[in-house]
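Here is how the chains run, residue by residue.
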Amino acid sequence: MGRDRAQPGPVPYSGGDRILNQAVSTGKRVRGHALLWHQQQPGWAQGLSGSALRQAAINHVTQVATHYKGKIYAWDVVNEAFADGGGGGRRDSNLQRTGNDWIEAAFRAARAADPGAKLCYNDYNTDGVNAKSTGIYTMVQDFKARGVPIDCVGFQSHLSNSAPGDYQANLQRFAALGVEVQITELDISGSNQAAVYGTVTRACLAVSRCAGITVWGIRDSDSWRTGENPLLFDGNGNKKAAYTSVLDALNAGGTTTTPTTPTTPTTPTTPTTPTTPVPSGCTSSVSLNSWNGGFVATVRVTAGSSALSGWSVTTNLPAGAAVTNGWNAGNSGTSGAVTWTNVGYNGSVAAGQATEFGFQGTGSAEGVTSTCATG
């Protein structure tokens, strides 16, 4: 449900067509990202719920997949639908509240619209065997058992200085379900960057159903991880040691070692965005997905040692940034210090647990800070 749709009606395809045509003209294949994502919805869709939202979502999947039928080799049909934390369950979102079968419905609609495309589920913080990746594993296992069309699982792999020790084993256990695994948004920061790029590449090569690696940007200056220099080329387009590490791993080819698949989930990785502790009983953290001229922010509100019966968060946006819409919270103001308050269904948060809200804006929100208060 693309963010450029100002009102219900036909999807504007000009931007996507331009990218597709450029890729095809240079002999490249195109991977579609993403048909449904709770963070990328136009304002009119955010105002829907229940059957009306479900119908709009499935209609969007059908329209877009039909338009690009035969031209996109794989789709991320659903993106980031599972929650962080220890539960391994679904993320609360307006799409999830239309019914727990919404992901299945989206995959079935995508298959009907474009039978030839590979259909993928994509998520982050799933690179090792943890509660979140196990929740997704269980869903894929169920889908395969019941004939729900799913062909691949995407692992975003936004890493910092290391890969989980069970990275390859995690890829292998999904592959053993009969789906492809794809590394879809790879970027790696830290002093050990080159070695970790090699580790990830070799892990993919060692898993027979690992179908590809997509690096999340070209030059460091293009990356959404501003200042972390996580890509294969520096800001001037020069090859880095990480580039050579990947090339060496590709030239060496895969191994024949089959890793042992762990059966006990480990504790999931913690969010990399620093939290701001406050004495009032809750903390908040902000993660950003940015592009030239705009951004989506996800704010995570975590209760302290006592349960929350209500909360508010103040986000301090840098000059030039402005909120255009938000979800799962009400807001006061659109620039500078913007105060967000819980809505009816997410004000109560158990001790140690978390809820999320988000907002979309114009400009750059790099450096945004947040503070949380109870009440």
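In this text the structure is predicted, and so the values were computed from the model without any measurement.

Some words on the packing of helix H7 (residues 193-206) against helix H8 (residues 241-252)
Remark: H7 packs on H8, axes separated minimally by 8 Å, with the N-to-C direction vectors making an angle of 25°. It follows from the interaxial angle that H7 and H8 lie roughly parallel. Two packed elements cross with a definite hand, and for H7 against H8 that hand is right-handed. Along its contact with H7, which presents Gln193, Ala194, Ala195, Tyr197, Gly198, Thr201, Arg202 and Leu205, the element H8 presents Ala241, Ala242, Ser245, Val246, Ala249 and Leu250.

Some remarks on the confidence of the model for the protein chain
In the predicted model, the protein chain carries a mean pLDDT of 87, and 89% of its residues have values of at least 70. Counting interchain partners and residues more than four positions distant, the pLDDT-below-50 stretch residues 255-279 has 42 contacts.

With respect to the packing of aromatic side chains
Per the stated rule, a full pass over the model turns up 11 aromatic pairs. When the centroid spacing of 6.2 Å and the interplanar angle of 65° are considered together, the rings of Phe107 and Phe143 count as edge-to-face. On the criterion of sequence distance, the pair formed by Phe107 in helix H4 (residues 102-113) and Phe143 in helix H5 (residues 131-146) is long-range, its members being 36 residues apart. The exposure class assigned to Phe107 is buried, which follows from its relative accessible area of 0%. When the ring of Trp340 is compared with that of Phe357, the centres are 5.4 Å apart and the planes differ by 35°; the resulting orientation is tilted. One end of the pair, Trp340, is in strand S14 (residues 337-341); the other, Phe357, is in strand S15 (residues 354-362), with 17 residues separating them in the sequence.

Remarks on empty space enclosed by the protein
Counted under the stated rule, the structure contains one cavity of 30 Å³ or more. When its volume is computed, the largest cavity comes out at roughly 30 Å³. Taken together, His38, Asn79, Glu80, Ala81, Arg91, Ser93 and Trp102 make up the lining of the largest cavity. Looking at the lining of the largest cavity, its residues break down into two nonpolar, three polar and two charged.

Some remarks on the pairing of strand S4 (residues 152-155)
Neither face of S4 is open: one carries Cys152 and Gly154, the other Val153 and Phe155, and all of them are buried. Note: strand S3 (residues 118-123) against S4, four bridges, orientation parallel. Counterpart to Tyr121 in the pairing with S4 is Val153. For the crossover that starts at S3, traverses H5 and ends in the parallel S4, the hand is right-handed. Pairing geometry for S4 and strand S6 (residues 180-189), over four bridges, is parallel. Bridge assignment links Cys152 to a residue of S6, and that residue is Glu180.

Some points on the pattern of salt bridges
Scanning the entire structure with this criterion turns up 14 salt bridges. For Arg97, the salt bridge identified is with Asp92, shortest N-O distance 2.8 Å. Residue classification places Arg97 among the partly exposed residues on the basis of a relative accessible area of 36%. By relative accessible area, Asp92 is classed as partly exposed at 36%.

Digging into the nonpolar core
Counting residues in each nonpolar core, the largest one holds 61 residues, and the members touching the most others are Trp75, Val77, Val78, Phe107, Tyr121 and Val140. When residues in this core are grouped by element, the largest group, seven residues, is from H4. Non-local contacts of Trp75, meaning those with residues more than four positions away in its chain, are made with Gly32, His33, Leu35, Val64, Ala65, Tyr68, Asp114, Ala117, Lys118, Leu119 and Cys120.

A few points about the state of the cysteines
Across all of its chains, the model carries three disulfides by this definition. Cys120 shares a disulfide with Cys152; S-S distance 1.8 Å. The chirality of the disulfide connecting Cys120 with Cys152 is left-handed, given an S-S dihedral of about -65°. In this pair, Cys120 sits in strand S3 while Cys152 sits in strand S4, placing the two residues 32 residues apart along the sequence. Both residues of the pair, Cys120 and Cys152, belong to the buried class.

Conventions and cut-offs
- Residues numbered from 1 in each chain as written.
- Predicted model: local features only at pLDDT ≥ 70, side-chain atom pairs only at ≥ 80, totals over all residues.
- Heavy atoms only, no water.
- Axes fitted to C-alpha atoms, helices over the stretch in contact; angles between N-to-C directions.
- Helix = DSSP H or I, 4+ residues; strand = E, 2+ residues; numbered from the N terminus.
- Parallel < 35°, antiparallel > 145°, perpendicular 65-115°, else oblique.
- Left-handed = near helix turned anticlockwise from the far one by under 90°.
- Contact = heavy atoms within 4.5 Å.
- pLDDT = per-residue confidence, 0-100.
- Phe/Tyr/Trp six-rings, centres within 6.5 Å; stacked < 30°, edge-to-face > 60°.
- Buried < 20%, exposed > 50% of the residue type's maximum accessible area, 1.4 Å probe, protein only.
- 1 Å grid on protein atoms, 1.4 Å probe; cavity = no way out; pocket = protein on both sides within 12 Å on 5 of 7 lines; lining within 4 Å.
- Points joined across faces, edges and corners; volume = space filled by probe spheres on them.
- Nonpolar A, V, L, I, M, F, W, Y, C, P; charged D, E, K, R; others polar.
- Pairing = 2+ DSSP bridges.
- Right-handed = clockwise from strand over helix to strand, strands pointing away.
- Salt bridge = Lys/Arg side-chain N within 4 Å of Asp/Glu carboxyl O.
- Core = buried A, V, L, I, M, F, W, Y, C linked by side-chain atoms within 4.5 Å.
- Disulfide = S-S within 2.5 Å.

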